[in-house]
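# Architecture at a glance
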Amino acid sequence: ENKIGGVLMLNGTKSQFTKWISKYNHWNDSLNHLPFLYSADAEPSLVNRKIINSTPVKKANKLQSKKEVIEVANTISMDLNEIGINYNFAPVVDMSPNKTVGWRSFGHEPDSVIPWSAAFVKETQKHQIMATAKHFPGHGFVEGDTHKKLVYIDGEMKELINYPDLIEDHIMSIMIAHIAVRNNSKYSTSGLPATTSREIVTDLLKDSLGFKGLIVTDAMNMGGVSNIKNANNLAVMAGCDILLMPLDASKAHTDLLELYGENEEAQAEIDNSVKKIIRAKLCLGIL
């Protein structure tokens, strides 16, 4: 129905995903729709569980060198190229203290996390696959799991230092976490997740850090955001370009159309995001 721009290949086998993507591409061609962005959580620590029969690789927290990181990124990217996935929600650039993301991280020191993340990004994007740094503004030092509930950064956002080098090196995408920020005079989210905060998405990530790539939410069906009224519209007006896994995609589309018709600010925000998505598809060579 031309309501979505991409599909997340969440859990399945390599052959299933390959067949599905071939089928969806055929549908889009026959309907003269734009091709999809096909995404996956193909980070080293999850890829072999998320994509069954993918080439085995070491988990992120078991990697010992930048050379190993590059080799793993190459292995994963070659599998994604075979399947037809062009958008990898990796690497995790959080630090490792939080148990939800810690084993998915390259470590707890910036001098390993930053250069190893950069190496993963560079190798991924060499394969015409968008890499994604996550989970902005940082999941490593929070208590709790955003899959289940809203969690908080209390005071300083210590993990912001992980992002400037990646932005400078042209990472194409960043994922926003369902994490609130409190006791921070400049960037408080007023009890709401960063996903819905214009202070975090636009003022901090776009304006202060200068990021011009695609901004995608973490899954909108997660406990950290799913009970917030009008969360999809709030995320778009905060500056997010892509809504990932809304609870009801068709309703989210209808709500965005209504928002688009309400005022010039909403139109400008949505038009800009759509242009960025189309530009990304051009850059990837799928359009």
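As a reminder, the structure under discussion sits directly above these lines.
Residues numbered from 1 in each chain as written. Predicted model: local features only at pLDDT ≥ 70, side-chain atom pairs only at ≥ 80, totals over all residues. Heavy atoms only, no water.

## Description of the overall build of the chain
In terms of helices and strands, the chain carries nine helices and 10 strands. For 287 residues, the compact-globule formula gives about 19 Å, and the C-alpha radius of gyration of the chain, at 18 Å, lands near that figure. Its C-alpha atoms give the chain principal-axis dimensions of about 50 × 50 × 30 Å. Each of the 287 residues in the chain was classed as buried or not, and the buried ones make up 55%. At a minimum sequence separation of 6, the contacts of the chain that also span at least 24 residues come to 73%. As presented, the chain carries roughly 13300 Å² of accessible surface, and 51% of it is formed by carbon and sulfur atoms. Where the 30 positive side-chain charges of the chain centre and where its 33 negative ones centre are 5 Å apart. (Helix = DSSP H or I, 4+ residues; strand = E, 2+ residues; numbered from the N terminus. Rg over C-alpha atoms; globule rule 2.2 N^0.38 Å. Buried < 20%, exposed > 50% of the residue type's maximum accessible area, 1.4 Å probe, protein only. Contact = heavy atoms within 4.5 Å. Areas by Shrake-Rupley, 256 points an atom, 1.4 Å probe, with all protein chains shown as cover. Lys, Arg positive; Asp, Glu negative; His and termini not counted. Charge placed at Lys NZ, Arg CZ, Asp CG, Glu CD.)

## Here's the deal with the pairing of strand 3 (residues 37-40)
Burial along strand 3 is two-sided: Leu37 and Ser39 and Tyr38 and Ala40, pointing in opposite directions, are all buried. Both strand 1 (residues 6-8) and strand 3 contribute to a ladder of three bridges, which runs parallel. Bridging from a neighbouring strand, Leu8 pairs with Ser39 of strand 3. (Pairing = 2+ DSSP bridges.)

## Observations regarding the sheet that holds strand 1
Reading across the sheet, the three strands line up as 1-3-5 and stay open at both edges, with parallel pairing between neighbours. Bordering the open sheet on either side are strand 1 and strand 5 (87-88), each of which pairs with just one other strand.

## What about the packing of helix 8 (residues 249-260) against helix 9 (residues 264-283)?
At a minimum axis distance of 8 Å, the contact between helix 8 and helix 9 shows a crossing angle of 125 degrees. Accordingly, the angle class assigned to the pair helix 8 and helix 9 is oblique. Where helix 8 abuts helix 9, its residues Leu256, Leu259 and Tyr260 lie against Ala266, Gln267, Ile270 and Asp271. (Axes fitted to C-alpha atoms, helices over the stretch in contact; angles between N-to-C directions. Parallel < 35°, antiparallel > 145°, perpendicular 65-115°, else oblique.)

## A word on the packing of aromatic side chains
Scanning the entire structure with this criterion turns up seven aromatic pairs. Seen in terms of ring centroids, Phe17 and Trp20 are 5.8 Å apart; in terms of plane orientation they differ by 55 degrees. Their pairing is tilted. Taken as a pair, Phe17 and Trp20 lie in helix 1 (residues 14-31) at a separation of three residues, close to a single helical turn. Both rings, one in Tyr24 and one in Trp27, keep their centres 5.6 Å apart while their planes meet at 40 degrees; by these two values the pair is tilted. With Tyr24 and Trp27 both in helix 1 and three residues apart, this pair spans about one turn of that helix. In this structure Trp27 comes out as partly exposed when scored by relative accessible area, which is 46%. Taken together, the ring pairs connect Phe106, Trp116 and Phe120 into an aromatic cluster. (Phe/Tyr/Trp six-rings, centres within 6.5 Å; stacked < 30°, edge-to-face > 60°.)

## What about the nonpolar core?
Counting 43 residues, the largest nonpolar core has Phe136, Met157, Ile174, Ile176, Ile200 and Leu205 as the members making the most contacts within it. Among the elements that take part in this core, helix 7 (residues 231-238) stands out by supplying five residues, more than any other. Ignoring sequence-local partners within four residues, the contact set of Met157 consists of Pro137, Val181, Asn184, Tyr187, Ile200 and Leu204. Listed in part, the 27 residues of the second largest apolar core include Val7, Phe17, Val57 and Ile76. (Core = buried A, V, L, I, M, F, W, Y, C linked by side-chain atoms within 4.5 Å.)

## Structural notes on helix 7
Burial of helix 7 is extensive: seven of the eight residues sit out of reach of the surface. Those residues of helix 7 that sit buried are Ala231, Asn232, Asn233, Ala235, Val236, Met237 and Ala238. Here the buried face of helix 7 lies against helix 6 (198-208), strand 10 (214-217), helix 8 and helix 9. Directly after helix 7, the chain includes Gly239, whose backbone phi takes a positive value near 125 degrees.

## Comments concerning unusual backbone geometry
Residues Ala90 and Pro91 are joined by a peptide bond in cis, for which omega reads 10 degrees. Within the element layout of this structure, Pro91 appears in the loop between strand 5 and helix 4 (110-126). For the bond from Phe136 to Pro137, the omega torsion is 5 degrees, close enough to zero to count as cis. Tracing the backbone shows Pro137 in the loop between strand 6 (132-136) and strand 7 (151-154). Of note in the backbone geometry, His170 takes a positive phi value of approximately 70 degrees without being a glycine.

## Quick notes on the sheet that holds strand 8 (residues 173-176)
Read from one edge to the other, the open sheet built from three strands follows the order 6-8-10, with strand pairing classed as parallel. Two strands close off the open sheet at either side, each with one partner strand: strand 6 and strand 10. This sheet shows a mean twist of 25 degrees between the axes of neighbouring strands, independent of strand direction. Strand direction decides the pairing type here: strand 8 and strand 10, joined by four bridges, are parallel. Bridge pairing in strand 10 links Met175 to Val216.

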